[in-house]
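Understanding the architecture of this molecule
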Amino acid sequence: MAEAAAIQGTVPSPARRWLRRTASLAVAAPLLAGLLQGVPASTAAAAEPSDGAGPVDVSVDTMAPSAPVESDTLTITGTVTNESKQAVTDATVDLRVGPRMTSRSEIDDVSGRGGYRDGRDPAPLGGSYTVKIPSLGAGLSRDFTLSVPVSKLELDDAGVYQLGVSLTGRTGSRSYDRVLGIERTFLPYQPEAAEKKTQLTYLWPLISTAHVSAETGANVQQTPVFENDELAAELAPGGRLHEMVALGKDLPVTWVIDPDLLASVNAMTEPYTVKSGTTEVPGRNQVVAEQWLNALEKAVQGRKVVALPFADPDLASLAHHGKEVPGSLSHLQQATALASTTVETILHVKPSTDFSWPVDGAVDPSIMAVATSAGARNVIARSDSFRDDLSYTPTSARPIGGGTTAVVTDATLSKTFQGDMIRAEDSTLAVQEFLAQSLAITLELPEDQRSVVVAPQRMPTTSQAQSMAAALHGLSAQRWTEPLDLMAAVTTVKADPDASKRVPSSRAYPKKLRAQELGTDAFDQMKTTRDELDDFKVILTAPDRVVPPFTNAISREMSASWRGQAPSAALYRNEVLTYLRSLTAEVQLIDKSDLLLSGRSATIPVTVQNKLLQGVDGLVLRLVSGNKNRLKLNGGEAVSELPVKIDGGHSQSVKFTATANANGQVPMTAQLYTADGTPYGKPMTFTVKVSEITPTVMLVIAGGVLLLVLAGIRMYSQRKRAAARNTEAEAEAEAEEETETEAETGPETEAEPEAVDEASSDGAEPEQPSDPTPDTGPESGDPSGPGEKVDR
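Residues numbered from 1 in each chain as written. Predicted model: local features only at pLDDT ≥ 70, side-chain atom pairs only at ≥ 80, totals over all residues. Heavy atoms only, no water.

1. Section: the sheet that holds strand S3 (residues 88-101)
An order of S4-S3-S6-S7 is seen for the four strands of this open sheet, with the pairing classed as antiparallel. Both outer strands of the open sheet, strand S4 (131-136) and strand S7 (178-189), are each paired with one neighbouring strand and no more. Neighbouring strand axes in the sheet, compared pairwise and without regard to direction, differ in orientation by 25 degrees on average. When S3 meets S4, the two strands line up antiparallel, connected through five bridges. Bridged to Ala 91 within S4 is Ile 133. Each of S3, strand S6 (159-171) and S7 touches helix H4 (residues 104-111); the most contacted strand, S7, lies at about 150 degrees to it. Here helix H14 (residues 424-444) sits on the sheet and contacts S6 and S7; the angle it forms with S7, its principal contact strand, is near 50 degrees. (Pairing = 2+ DSSP bridges. Helix = DSSP H or I, 4+ residues; strand = E, 2+ residues; numbered from the N terminus. Axes fitted to C-alpha atoms, helices over the stretch in contact; angles between N-to-C directions. Contact = heavy atoms within 4.5 Å.)

2. Some thoughts on the nonpolar core
Note that soluble globular proteins tend to have their nonpolar side chains buried in a common cluster. Of all hydrophobic cores here, the largest spans 73 residues; its most connected members are Leu 621 and Leu 631. Ranked by the residues each element gives to this core, the list is headed by helix H20 (residues 566-584), at six residues. Those residues in contact with Leu 631 that lie beyond four places of it in its chain are Leu 597, Ile 604, Ser 625, Ala 658, Thr 659, Ala 660, Val 666, Met 668, Val 688 and Val 690. The next biggest cluster of nonpolar side chains, apart from the first, holds 62 residues, and it includes Ala 67, Met 268, Ala 339 and Trp 480. (Core = buried A, V, L, I, M, F, W, Y, C linked by side-chain atoms within 4.5 Å. Buried < 20%, exposed > 50% of the residue type's maximum accessible area, 1.4 Å probe, protein only.)

3. Some remarks on the sheet that holds strand S13 (residues 279-282)
Reading across the sheet, the four strands line up as S9-S10-S12-S13 and stay open at both edges, with mixed pairing between neighbours. Two strands close off the open sheet at either side, each with one partner strand: strand S9 (212-216) and S13. Ignoring which end each strand starts from, the neighbouring axes of this sheet average 40 degrees apart. Of the pairings in the sheet, the one linking strand S10 (residues 224-226) to strand S12 (residues 273-276) comprises two bridges and is parallel in character. Counted as the bridge partner of Val 225 is Thr 273 from S12.

4. Describing the pattern of salt bridges
Tallying each qualifying case throughout the model produces 26 salt bridges. Between Asp 109 and Arg 113 there is a salt bridge whose closest N-O contact spans 3.2 Å. When the shortest N-O distance is used, the salt bridge between Glu 575 and Lys 275 registers 3.6 Å. Placement of the pair is Glu 575 in helix H20 and Lys 275 in strand S12, with a sequence separation of 300 residues. On the basis of relative accessible area, Glu 575 is assigned to the partly exposed category, the value being 30%. (Salt bridge = Lys/Arg side-chain N within 4 Å of Asp/Glu carboxyl O.)

5. Quick look at the packing of aromatic side chains
One pass over the full model with this rule turns up six aromatic pairs. Taking the centre distance of 5.7 Å and the plane angle of 20 degrees together, the rings of Phe 550 and Tyr 579 count as stacked. With a gap of 29 residues between them, Phe 550 in helix H19 (residues 547-557) and Tyr 579 in helix H20 connect regions that are remote in the sequence. Owing to a relative accessible area of 19%, Tyr 579 belongs among the buried residues under this scheme. Feature note: the residues Tyr 202, Trp 204, Phe 417 and Phe 434 constitute an aromatic cluster, connected by ring pairs. Over the aromatic face of Phe 686 sits the side chain of Lys 592, whose NZ or CZ is 6.0 Å from the ring centroid. (Phe/Tyr/Trp six-rings, centres within 6.5 Å; stacked < 30°, edge-to-face > 60°. Lys NZ or Arg CZ within 6 Å of the ring centre and 35° of its normal.)

6. Points about the side chain of Arg 104
Mapped onto the fold, Arg 104 is located in helix H4. There is a polar contact of 2.9 Å between the side chain of Arg 104 and the side chain of Asp 410. The contact partners of Arg 104, leaving out residues within four places of it in the chain, are Thr 393, Asp 410, Thr 412, Leu 413, Gln 437, Ala 440, Ile 441 and Glu 444. (Polar contact = N/O pair within 3.5 Å; in protein donor to acceptor, adjacent residues only side chain to side chain.)

7. Some points on the pairing of strand S11 (residues 254-257)
Because side chains alternate across S11, one face comprises the buried residues Thr 254 and Val 256, and the other comprises Trp 255 and Ile 257, equally buried. Where S11 meets strand S14 (residues 305-307), three bridges bridge the pair, whose relative direction is parallel. Along S14, the bridge assignment pairs Val 256 with Val 306.

8. Brief notes about the side chain of Asp 61
Following the sequence through the fold, Asp 61 ends up in strand S1 (residues 56-64). Here Asp 61 is buried and forms no salt bridge, its nearest opposite-charge partner Arg 423 lying at an N-O distance of 6.0 Å. Here the side chain of Asp 61 touches Ser 59 through a polar contact of 2.5 Å, side chain to side chain. Other than its neighbours up to four places away in sequence, Asp 61 contacts Thr 77, Gly 78, Thr 79, Ala 424, Glu 425 and Thr 428. (Lys, Arg positive; Asp, Glu negative; His and termini not counted.)

9. A closer look at the packing of H14 against helix H15 (residues 462-474)
Interhelical geometry of H14 versus H15 gives an angle of 40 degrees and a closest axis separation of 9 Å. As the angle between them shows, H14 and H15 are arranged oblique. For the pair H14 and H15, the crossing hand works out as right-handed. Of the residues in H15, those in contact with Ser 427, Val 431, Phe 434 and Leu 435 of H14 are Ser 467, Ala 470, Ala 471 and Gly 474. Each residue belonging to the contact of H14 with H15 can be placed in one class, and the counts come to five nonpolar, three polar and no charged. (Parallel < 35°, antiparallel > 145°, perpendicular 65-115°, else oblique. Left-handed = near helix turned anticlockwise from the far one by under 90°. Nonpolar A, V, L, I, M, F, W, Y, C, P; charged D, E, K, R; others polar.)

10. Side note on the environment of Leu 329
Here Leu 329 lies in helix H11 (residues 328-347). On the accessibility criterion, Leu 329 (28% relative accessible area) is partly exposed. The residues contacting Leu 329, other than those within four sequence positions of it, are Lys 323, Val 370 and Ser 373.

11. A short note on the packing of helix H7 (residues 240-248) against helix H9 (residues 286-300)
In contact at an axis separation of 9 Å, H7 and H9 are set at 30 degrees when each is read in the N-to-C sense. For the element pair H7 / H9, the angle class is roughly parallel. In this structure, H7 meets H9 at a crossing whose hand is left-handed. Across from Leu 241, His 242 and Val 245 in H7, the residues of H9 making contact are Trp 292, Ala 295, Leu 296 and Ala 299. Taken together, the residues of the contact of H7 with H9 sort by class into six nonpolar, one polar and no charged.

Next comes the structure, spelled out in structure tokens:
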């Protein structure tokens, strides 16, 4: 239609007008140069290009439709703001449509251009498609709306066009028309579906920072303890993660999920606590967590899901600083193994764990080696790291040998929405640039179909997610792209034979990214935590209550989310290690004071305390005599060992047999060990004072005891004789009293029988009142106290 209009002599298209104007200026340049020599400087300035952005800021807030066809009406809204100190008069807001661009580099050039440049910016559309602003005072703003039928733009052909909105007017110092401000964007125009559409894969990441500590409650459910309640804000309506799910459910994307996020939200659906200073408070966002998980589960059903290793470990930090620390790579393998079960258990979909994603897609040989060490065969890189020297955009997936595929995402498309998208203008410009770049890729080689993967930033903000969704909705008509999931982009698309397969060298790794990595000291501390956890778990009767929380916490210590947050990362690591040590200290030896050993042999008690809520087993208590010649253990040895098994919340007194050979002080050392001989906890020392009793002393003691016995017998005999005399006197008195009574009453006719003592009739002796009561209570088994004396 544009060609027909030109042939019939009608108004030429803006693109042709711009070409004619450029040619006319080129022909007239010598003439203008001569004329300007005699013109005042103020008049000559009207023809000079503006080097700055201009005194008026032009904002393009909305553009609908973002990718119009010929039958549409293009509507642009925005704001003009006079940022100068002079009023602007006789102003006009114009639409400028430039020529069709032929390469992606031209789009980049326009994006980076500043103020208006005469000869490089297209002429205004003019006519009725303008907005008049008679006056705009200093510091004031005015909204505008431009509506133009796309058919009036008379675009030449399918392609990407520069679209400018400018304000032309006058100021008090320059009373002639000039462009005072301009904003540029892009108009992607593809009225009919392309024959070979670009297959576009867009990754939709659900990743957050570490929120859960290593601590859990003492109850059966092991209530998790959160570092803060910030995750709830992300899950709530309007929050970042809420928007990611709400938007993603209607988009053709591949979900890329950190399993730790799912595990954390799942923990929030049950009772949980949150650290608040030095105390803990109950979490109150169970409903929010349940709603988010339910929405996500519905959104991913029937969709492709990629599970990153648990807690999204920083692969570059591992490669550059952690791989030399023993155990670091094996922990990455554990995190990968945990990923699949976590996602499948919570979301009820089977994810792919065959992908690794280094930060910003920056790779080198060591990163590639670490990324594939846990079993992933596909590494998501980026084209500004994995560079191609080609005039077109190649297919993303490419085999690089050894069964590994580099998925080289497009850097320009991936970074389009990394800026601040809160302002409507920033979002609109980013959406239009994304659409323009994607169309330019298709038009580079219209006869060849290629596959392009887009990997945005790991944790998009709410406004960034909304802008990303707007761009994907702009592609929904599928006139030049069609969606493809990540797995298909790797397995079904033929690789470009001309694309680079050379992994960048370590020198090419960006210095800015290297400065943000976790250092070797961080991985050394993680190893310390792992080692102490290994020593602790072997003594537990229920290790599954302790090992998973700490293993997950160590995974979180490796997370890529710590980049640029070194102090926070160090604090989290310290808290994990400190809490582990507080648990191990719950099983300890009770300090003893010095002991006194009298005699040649005795038992030495050592008390082991278990404050844990579960039992411990597999411990050995070793007691060492500091002087074997003076005090021997276990029948003649300097060292004695006894097993220790204690229920939760109890103590056990372990008793060692000791034999003394000579008087004096003997230092003793008690130490707990695990079954493999690893020391557990701190050693405990005390002193045994040996004081042996000689035969002479024993004779003196025996003589004293004999004298006491003889004295007791004599006293007993005297008491018996006195009692007998008292009995005889009483009997005589009774006899005299009876005689006197008979004399008064006379003799009885019948004598009564004599009473028989039943106690005496059977030969048993009567119990004596002086017999002592028994005093042989059971000996106490409690450990001796301070200054105790150990009995033989």
